[in-house]
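What follows is the residue order along each chain.
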Amino acid sequence: MSDVIGETSCFVEDKNGVENSALSRKVADLFLPRAVISPAGLEHIAGHKYKSGAWTHLDNILNPAWTAAAECLPMWLAPNTVTTLGFLHCLSSYTLLWRYQALETVTVGEGKALPSWVLIFSAYCAFAYYTLDCMDGKQARRTGQSSPLGQLFDHGVDCISLLSHFSNVFSFVLIGGSKWFLVCQVTTHIVFFSAQWVEYHTGSLPTGAGKFLGVTEVNYGVAILTFCNAFIDREAFWLRPLAEVVPETFLPSFLLDVRINEFCVIVWAVMNVGCIAKALQLVFHDVTAPAARRAALAHLASPLLLAAAPFALPAGFIEGNSRYLSLAVGLLFSHITTKLIVFGMARMSYANVQREVLPFCVACIAAGATGGSFESVWRITPRTFLTIACWLHGLWLVGFCRAVIIQICARLDIYCFSIKKKKD
């Protein structure tokens, strides 16, 4: 109503004012959209039933402990609040690691050593996050608060929490300041995206690769590795050439000069490629028509473009700004992945190329084209450019999630962070 009044009374004779008002609304809708889910999509979400993938052996072993822990929670505690408590652990760890060690300084002989207590705290945070993540669904069922919003909120938090796990691993594996950290990060983001992509097309979310490796093993594995690295000489271990550990006769020539940390990134990337191949197999099993398969593959355009674009940046651009680049890329991946989760549950069409990734990808390519002349051409420093990108990507993500939560809460007549009392 106020928009109508404003246009008819204040700007009726000012065409520039009308155009400025329309532009302001477009900008506001970009960062604070009023609605992102269609009415039909809301109805689909209201009737959505979550279908999880198969559990691993470790899931089955730990499930009684997670159930017992959930039974200790107060009945007034909302499930999404449990999820948020887990996320706050990740945020605390991420902030602390940034405070004590910039990612770009974790290279040979540079920067002061990270205090061991920081790694111990980060290990605890990783453990607490995933444990709470496994408890929120059980809390939802025992309080009668299971809802599609819980699934969306849970998986959205999982997506953004990947940044904390990257920060943990990069802090002790010592791959900052190089493109090795990008290899590790973007391939993991694509694996997470591809799992949601499988659910979008098949209705079932894969959570593991067989009975021995899944999200539980990875999350607790990160916690254990982080804890163990608090008690070793990290430079001496991770920066050691692989040839000093494995006899040269067993190594191909391209691995002779590779360090242990770089070799681990290669292994991790190969495993991620295997997970992506498995996702393709799962989708093609259910999607058999050639045209439908091509349409499904087109949905991978945005994550692949976003994964490739940062590699176009000059080496000097990455060396001093690794954490900023990691955060900018991670926030964008979180946005497009969260949107896929929402649109999958709403049964809405997902654009092949997401508009949010285009400015950043074009900027990365343009920065690569300028090479060492970035500052003179763009009139800003790489750090300033990436800081702006982080803020924009963060605002886009928060605005999208805010609109989704408001719409779903209104449709389901529930609260997000508290339990709504039923009317008599």
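This is a predicted model, so every value here is computed, not measured.

## With respect to the environment of I419
Looking at where I419 falls in the secondary structure, it is placed in the segment after α18 (382-412). Once the C-alpha coordinates of I419 and P79 are considered, the two residues, 340 residues apart in sequence, prove to be 8.6 Å apart. Apart from the residues within four sequence positions on either side, I419 is in contact with M75, W76, L77, A78, T143 and Q145.

## Brief notes about the packing of aromatic side chains
Tallied over the full model, the rule gives 17 aromatic pairs. Measuring from centroid to centroid gives 6.4 Å for F343 and Y350, while their planes differ by 80°, and the two rings are edge-to-face. For F343, a relative accessible area of 11% gives the class buried. Residue class for Y350 comes out buried when judged on its relative accessible area of 2%. One aromatic cluster is present, built from ring pairs that chain together W66, F127, Y130 and Y220. Lying across the ring of Y100, R99 places its NZ or CZ 4.9 Å from the centre.

## Quick notes on the pattern of salt bridges
Inspection of every chain in the model, using the stated rule, returns seven salt bridges. In this structure, R240 and E244 form a salt bridge, with 3.2 Å as the shortest nitrogen-oxygen distance. Overlapping salt bridges, with partners in common, bring together K339, R355 and E356 in one network.

## With respect to the packing of helix α6 (residues 116-142) against helix α9 (residues 215-228)
Where α6 contacts α9, the axes come no closer than 7 Å and their chain directions differ by 165°. When the interaxial angle is binned, α6 and α9 end up roughly antiparallel. Note on packing geometry: the crossing formed by α6 with α9 is left-handed. Each of L119, I120, S122, A123, A126, F127, Y129, Y130 and T131 in α6 lies in contact with α9, whose residues at this interface are V215, T216, N219, Y220, A223, T226 and F227. Here the contact of α6 with α9 is composed, by residue class, of eleven nonpolar, five polar and no charged.

## Quick look at the packing of helix α16 (residues 357-370) against α18
Packing of α16 against α18 brings their axes to within 11 Å, and their N-to-C directions diverge by 165°. Comparing the axis directions of α16 and α18 gives the class roughly antiparallel. Two packed elements cross with a definite hand, and for α16 against α18 that hand is left-handed. Between α16, through P359, F360 and A363, and α18, the contact on the second element is made entirely by F385, L386, A389, H393 and W396. Class assignment for the residues of the contact of α16 with α18 results in seven nonpolar, one polar and no charged.

## A look at the side chain of H155
Examined against the element boundaries, H155 turns out to sit in helix α7 (residues 148-173). With relative accessibility at 7%, the residue H155 sits in the buried group. Those residues within four positions of H155 in sequence are excluded, and the remaining contacts are Y50, F192, Q196, L205 and I341.

## Remarks on the confidence of the model for the protein chain
Summing up the model confidence of the protein chain, the mean pLDDT is 87 and the portion of residues at 70 or higher is 90%. Low pLDDT (under 50) marks residues 1-14, which in the prediction has eight contacts with non-local residues, meaning those over four places away or in another chain. Below a pLDDT of 50 lies the segment residues 104-111, which in the model reaches 22 contacts outside its immediate sequence neighbourhood of four places, other chains included.

Procedures and definitions
Residues numbered from 1 in each chain as written. Predicted model: local features only at pLDDT ≥ 70, side-chain atom pairs only at ≥ 80, totals over all residues. Heavy atoms only, no water. Helix = DSSP H or I, 4+ residues; strand = E, 2+ residues; numbered from the N terminus. Contact = heavy atoms within 4.5 Å. Phe/Tyr/Trp six-rings, centres within 6.5 Å; stacked < 30°, edge-to-face > 60°. Buried < 20%, exposed > 50% of the residue type's maximum accessible area, 1.4 Å probe, protein only. Lys NZ or Arg CZ within 6 Å of the ring centre and 35° of its normal. Salt bridge = Lys/Arg side-chain N within 4 Å of Asp/Glu carboxyl O. Axes fitted to C-alpha atoms, helices over the stretch in contact; angles between N-to-C directions. Parallel < 35°, antiparallel > 145°, perpendicular 65-115°, else oblique. Left-handed = near helix turned anticlockwise from the far one by under 90°. Nonpolar A, V, L, I, M, F, W, Y, C, P; charged D, E, K, R; others polar. pLDDT = per-residue confidence, 0-100.

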